[in-house]
Amino acid sequence: MCGIVGYSGPQNAIIPVLEGLTRLEYRGYDSAGVSYLVNNEIQIIKKEGKIDNLKAEIKNKNPFSHTAIGHTRWATHGAVNELNAHPHTNETFSIVHNGIIENASEIKEDLQKEGFKFKSDTDSEVFLVLLTKYFLQTKSVKDSISLAMKLIRGNSAFVMMMKDSTSLYAVKRGAPLVAGNNPAKKEIYLSSDPYALIGFAENIYFPEDEVICELNRTDKDIEVKFFELSGQKSERYKAQAKKMSLDVANKGEHEHFMLKEIYEQPGLIKNLYEYYLNQEGRQLLTKITKYKPDFIHIIGCGTAWHAGLVIKNFFEEQNKVRVNVELASEFRYRNPILKKNDIGIFISQSGETADTLASCDLCIEEKVTALSIVNVEGSTLYRNCAENFLIKAGLEIGVASTKAFTMQVLTGYLMSLSMAGKLEAKKVQKEFDLLADNIKQVLSRTTEIKAIADAVYNKKGFIFTGRGIYFPIALEGALKLKEIAYVHAEGYAAGELKHGPIALIDQHMVNISIVGPELHEKALSNTEEVKSRRGLIIGIGDEKDKKLKGVSDYYFGMNLEGLDHLRPVLVNISMQLFAYYVAKLKGTDIDKPRNLAKSVTVE
Ligand code: AGP
């Protein structure tokens, strides 16, 4: 997901723009750039690679400007190089873009036939040329934006500035965008993420799709205005309810944001209980009781999909309702059978994942009620859904999702209990407190997990296995390891091993075998099948399970007593730590793994 920051104000614009882009690094990118006004002419600096390359170049040139826009690019169209990096600029405009213009090639062809020239291989530049073409015709920036938006297809957010103007413009469709201002300092801001503006903008606004933001600044005053594509004033935007604090932006005593976020989980679990059982979240849980669906579609990607697989068990067992958990990228194109008394539950940490948003749109078009389990208030998913169940995980900066998974599962658990009319506050408080305490115990035993990671981190491959409620945890554990340690890992239903994957087993393969009290004998015999083929066993289970310990080369036992439905959440903490320490040994960029973005806003 690309990062966007725009600024116009009395200070050197390069400073807040670079600070904002740095904060958005966690989302993943492969090049970065800024454009800025000097004597009403557009200047530009952009560099391939990390933002430090851009900062070094800026240091050399030492520019000063009151108006600038910046971008971190996660390549979708066009190779990773300086030419394709944003901003894209010509003699009139400079633009930055997050998303995909799906019909870019057709439009580009037509524009080239009209004699327009292109410098890059990107779809984004098509918007720049369209804007310029329409501006030549209309002499109106807003009309030009409107005409361009009506022509392009796909999810995109654009921020623009033009020569000889201190105004900034922006528009979006299915991608994140925020506008901000600081009246006292006469400053105006735009970004793809409110997090970039914390501490700068006094007010933050969330425009809806196809709302043109016009931010004007003179030495005396600033204004933030919103317009429909028709040119009419628009009221389709929300002001941010409450300020976000910036303290989330430091790692505290932890070496990585990912580790900090793993350690935050016990406290977040207690906060979640408070929010949903004693504060404003309570009435939300009450609202869900009005739904008596015949069928529930749970949709998500990656870790969110894994959380959905765990949540499925809650809804089926507690509500006796059929639940299907689907990958958003599959669901959106397979013409799913949707009935009006279905509900869709969309799980997304960012609330900006393109496939999840598209799946949500599909359900809404078919009049299926859409509910979200989401972390970012004001995100696109948040604004599109009928009800939003916030997971209250706070900002998750590590690209590999950890605390969000835990909070997604627990939020789903509360939703299911409430829908079934089985939500007993005291019982839930006891379960959540026990879970939080047991997680703290696991977090106090990292030496053991480090030792296991140290013993196996160079092995050829890793197969995570689990049965029943632990199968999703096997998938999630494998994903974590792949994401941050760059090693090949697979998650498998333990019962599936003998249907093929067991051919992989030899003394160089590691089986992280999750064996809980449920289906214990079956899961244990699967572990023994691996053992008998010289596979290395890391046994993950109950601390009292002597049988599993006996068959394991390495064993990490936890206190699963009394946790019942929430055992998978506790087991997953050990998976998170295992992946983290293997990655540390591998020396990878744990918070910003290669090729990955924190939020995949393109398909
Ligand atoms: C999880 O560690 C990954 N970063 C990724 O799979 C992520 O869960 C997925 O892209 C979905 O993101 P979302 O929750 O923001 O929709």
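Please refer to the structure higher up on the page.
Student: Kindly report on the pairing of strand β1 (residues 3–8), identifying the contributing residues and their values.
Tutor: Each regular strand shows side chains that alternate between the opposite faces of the sheet. Counting buried residues in β1 gives six out of six residues, a clear majority hidden from the surface. Side chains of β1 alternate between two faces, with G3, V5 and Y7 and I4, G6 and S8 buried alike. Two elements, β1 and strand β10 (residues 187–191), share four bridges in a ladder whose sense is antiparallel. Opposite S8, over in β10, you have I188 as the bridge partner.

Student: Which residues make up the site of the ligand, and what are the values?
Tutor: Contacts to the ligand come from 14 residues, most closely from S348, Q349, S350, T353 and E483. One of the side-chain nitrogen or oxygen atoms of K480 is found 2.8 Å away from an oxygen atom of the ligand. Contact with the protein chains removes 91% of the 410 Å² of surface that the ligand exposes when unbound. For the shell around the ligand, the elements supplying multiple residues, two or more each, are α9 (302–319) and α16 (471–485). In terms of residue class, the shell around the ligand is made up of five nonpolar, seven polar and two charged.

Student: Kindly report on the pattern of salt bridges, identifying the contributing residues and their values.
Tutor: All told, the structure shown has 29 salt bridges when counted by the stated rule. Two residues, D506 and K460, come together in a salt bridge whose shortest N-O distance is 3.0 Å. With D506 in the loop between β21 (489–493) and β22 (509–515) and K460 in the loop between α15 (446–456) and β20 (461–466), this residue pair connects regions lying 46 residues apart in the sequence. Shared partners join several salt bridges into a network, and the residues in it are E208, E228 and R236.

Student: I'd like a rundown of the environment of E528, residues and numbers included.
Tutor: As for its position among the elements, E528 is in helix α17 (residues 520–531). The class for E528 is partly exposed, based on a relative accessible area of 38%. With 24 residues separating them along the chain, E528 and S552 place their C-alpha atoms 9.0 Å apart.

Student: A description of the packing of aromatic side chains should follow, citing residues and the corresponding values.
Tutor: The description of an aromatic ring pair uses the distance of the two centres, along with the angle that the planes make with each other. By the definition in use, this model includes 13 aromatic pairs. Note on F462 and F578: the rings are 6.3 Å apart at their centroids and 65 degrees apart in plane angle, and the pair reads as edge-to-face. One end of the pair, F462, is in strand β20; the other, F578, is in helix α19 (residues 567–586), with 116 residues separating them in the sequence. Each of the two residues, F462 as well as F578, counts as buried. Counting every residue linked through ring pairs, the aromatic cluster contains Y7, Y189 and F200. One Lys or Arg, K142, reaches over the ring of F227 and ends 4.4 Å from the middle of that ring.

Student: So, the pairing of strand β13 (residues 222–228): which residues are in play, and what are the values?
Tutor: Here strand β12 (residues 211–217) runs beside β13; their pairing, made up of seven bridges, is antiparallel. Counted as the bridge partner of L215 is V224 from β13. In sequence, β12 turns back onto β13 through a hairpin of four residues.

Student: How would you explain the sheet that holds strand β16 (residues 322–327) if you had to name every residue and give the values?
Tutor: Across the sheet, five strands lie side by side as β16-β15-β17-β18-β19; this open sheet has parallel pairing. The sheet is open, and its two edges are formed by β16 and β19 (387–390), each paired on a single side. Recorded for the sheet is a direction-independent mean angle of 20 degrees between the axes of neighbouring strands. Two elements, strand β15 (residues 295–300) and strand β17 (residues 342–348), share five bridges in a ladder whose sense is parallel. In the sheet register, H297 faces β17, and the bridge partner there is G344.

Student: Any chance you could break down unusual backbone geometry for me, citing the residues and the numbers?
Tutor: The linkage connecting H86 with the following residue, P87, adopts the cis geometry, with an omega of 0 degrees. One can find P87 in the loop between β4 (67–73) and β5 (88–89). One non-glycine residue with positive phi stands out, namely N40, at about 65 degrees. Along the chain, N40 turns up in the loop between β2 (31–38) and β3 (41–48). Positive phi, normally seen in glycine, also occurs at K392, with a value near 50 degrees.

Student: Help me get a handle on the sheet that holds strand β14 (residues 237–239), residues and values and all.
Tutor: Read across the sheet, eight strands follow the order β3-β2-β4-β1-β10-β9-β11-β14 without closing on themselves; strand pairing throughout is antiparallel. Every other strand in the sheet has two partners, leaving β3 and β14 as the edge strands with one partner each. In this sheet, neighbouring strand axes are inclined to one another by 15 degrees on average, regardless of whether the strands run parallel or antiparallel. As defined by bridge partners, β1 adjoins β4 across six bridges and the pair is classed as antiparallel. Paired with Y7 across the strands is A68, a residue of β4.

Student: Could you give an account of the side chain of D545, with specific residues and numbers?
Tutor: Along the polypeptide, D545 turns up in the loop between β23 (536–542) and α18 (546–551). Here D545 occupies a buried position and makes no salt bridge, while the nearest side chain of opposite charge, K547, is found at 7.2 Å. Here the side chain of D545 touches H520 through a polar contact of 2.5 Å, side chain to side chain. Not counting the four nearest positions on each side in its chain, D545 is found in contact with V515, H520 and Y555.

Criteria and thresholds
- Residues numbered from 1 in each chain as written.
- Predicted model: local features only at pLDDT ≥ 70, side-chain atom pairs only at ≥ 80, totals over all residues.
- Heavy atoms only, no water.
- Buried < 20%, exposed > 50% of the residue type's maximum accessible area, 1.4 Å probe, protein only.
- Helix = DSSP H or I, 4+ residues; strand = E, 2+ residues; numbered from the N terminus.
- Pairing = 2+ DSSP bridges.
- Near = heavy atom within 4 Å.
- Polar contact = N/O pair within 3.5 Å; in protein donor to acceptor, adjacent residues only side chain to side chain.
- Areas by Shrake-Rupley, 256 points an atom, 1.4 Å probe, with all protein chains shown as cover.
- Nonpolar A, V, L, I, M, F, W, Y, C, P; charged D, E, K, R; others polar.
- Salt bridge = Lys/Arg side-chain N within 4 Å of Asp/Glu carboxyl O.
- Phe/Tyr/Trp six-rings, centres within 6.5 Å; stacked < 30°, edge-to-face > 60°.
- Lys NZ or Arg CZ within 6 Å of the ring centre and 35° of its normal.
- Axes fitted to C-alpha atoms, helices over the stretch in contact; angles between N-to-C directions.
- Lys, Arg positive; Asp, Glu negative; His and termini not counted.
- Contact = heavy atoms within 4.5 Å.

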